[in-house]
Amino acid sequence: AVTTTTPAAAVTTPAAAVTTTTPAAAVTTTTPAAAVTTTTSTIFAVVASTDPPSSSEGTLKVQFSLNQTFNSDLSNPSSSAFKNLAAKVQSDVNKVFAGTPGFRHCIVNLFRNGSGSVVTDMTLVYDKQSSVPSSSSAQTILTNSSTSLNILPGSISVVSGSAPRPTAFALAALALLMVQLLG
């Protein structure tokens, strides 16, 4: 009688060979162990900052229309519809401007109804005011870039200069309003 043993399904360390010996006939069967390789990949989520620009940073205000139907949930920054679309817009626009010197990130300020489309109002943030490209240059970059956003042709508008920065008073008033709404 010959008995052969096969390796277990889960092998954590590779062995050179498995040897089984049967005492009656002294028959040795050698079976190479299966090498099990486990590949793990780590996914790093890149989360763009949504903080307002600091006083040392430069900004451009950008507006464009998306070829999609406006949903009232998009006017609520706390809704999942707003958060999902904002994340998609930020991801695509950050990729478009990633090669622009001094570009840091973009912020979606709001979405509004644009007669059957979604008007996006956002701010591009640069490391300093001197890094901010001209309005026409930024508009050309966005117009000529391929994105999955389905931006309506001719709807891109870029305004130079700093976007309004929230003041301490405005932030305090907003916090008070939030407390009153939630409480």
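Residues numbered from 1 in each chain as written. Predicted model: local features only at pLDDT ≥ 70, side-chain atom pairs only at ≥ 80, totals over all residues. Heavy atoms only, no water.

Looking at an unreviewed UniProt entry, one finds the protein named Cell wall protein DAN4-like, with Salmo salar as its source organism.

What is the right way to look at the environment of Thr123 in this model?
Relative to the helices and strands, Thr123 is located in strand 5 (residues 118-126). Taking the relative accessible area as the measure of exposure, Thr123 reaches 4% and is therefore buried. Once the C-alpha coordinates of Thr123 and Leu60 are considered, the two residues, 63 residues apart in sequence, prove to be 5.7 Å apart. Of the polar contacts made by the side chain of Thr123, one reaches the side chain of Asn109; its length is 2.9 Å. (Helix = DSSP H or I, 4+ residues; strand = E, 2+ residues; numbered from the N terminus. Buried < 20%, exposed > 50% of the residue type's maximum accessible area, 1.4 Å probe, protein only. Polar contact = N/O pair within 3.5 Å; in protein donor to acceptor, adjacent residues only side chain to side chain.)

So what exactly am I meant to see when it comes to the side chain of Ser131 here?
For Ser131, the location among the structural elements is in the loop between strand 5 and helix 2 (135-144). By relative accessible area, which is 16% here, Ser131 ends up buried. Dropping the residues within four chain positions of it, Ser131 is found in contact with Pro101, Gly102 and Tyr126. (Contact = heavy atoms within 4.5 Å.)

How should I be thinking about unusual backbone geometry in this particular structure?
Generally, phi is negative for residues other than glycine and the peptide bonds are trans, each holding for most cases. The phi dihedral of Ser115 is positive, around 55°, even though this residue is not glycine. Relative to the elements of secondary structure, Ser115 occurs in the loop between strand 4 (103-113) and strand 5.

Hey, could you run me through the sheet that holds strand 5 in this one?
Note: strands within a sheet are paired through backbone hydrogen bonds, in either parallel or antiparallel orientation. A sheet is described by the order of its strands in space; here four strands give the open sequence 4-5-3-6, paired in antiparallel fashion. Only two strands of the sheet have a single neighbouring strand rather than two, namely strand 4 and strand 6 (157-159). Recorded for the sheet is a direction-independent mean angle of 20° between the axes of neighbouring strands. Both strand 3 (residues 58-66) and strand 6 contribute to a ladder of three bridges, which runs antiparallel. Within strand 6, the position partnered with Gln63 by the bridge is Ser157. Relative to strand 4, helix 1 (residues 80-97) is tilted by about 140°, and along the sheet it contacts strand 3, strand 4 and strand 5. (Pairing = 2+ DSSP bridges. Axes fitted to C-alpha atoms, helices over the stretch in contact; angles between N-to-C directions.)

Would you explain the nonpolar core in this entry?
A general feature of soluble globular proteins is that nonpolar side chains tend to end up buried together. Judged by nonpolar contacts, the single largest core of 27 residues is most densely connected at Phe64, Val89, Val93, Phe97, Phe111 and Leu124. Listing elements by their share of this core, those giving two or more residues are strand 3, helix 1, strand 4, strand 5 and helix 2. Sorting elements by how many residues they give to this core places helix 1 first, with seven residues. Beyond its immediate chain neighbours, meaning those up to four positions away, Phe97 contacts Phe103, Leu124, Tyr126, Ala138, Ile141 and Leu142. (Core = buried A, V, L, I, M, F, W, Y, C linked by side-chain atoms within 4.5 Å.)

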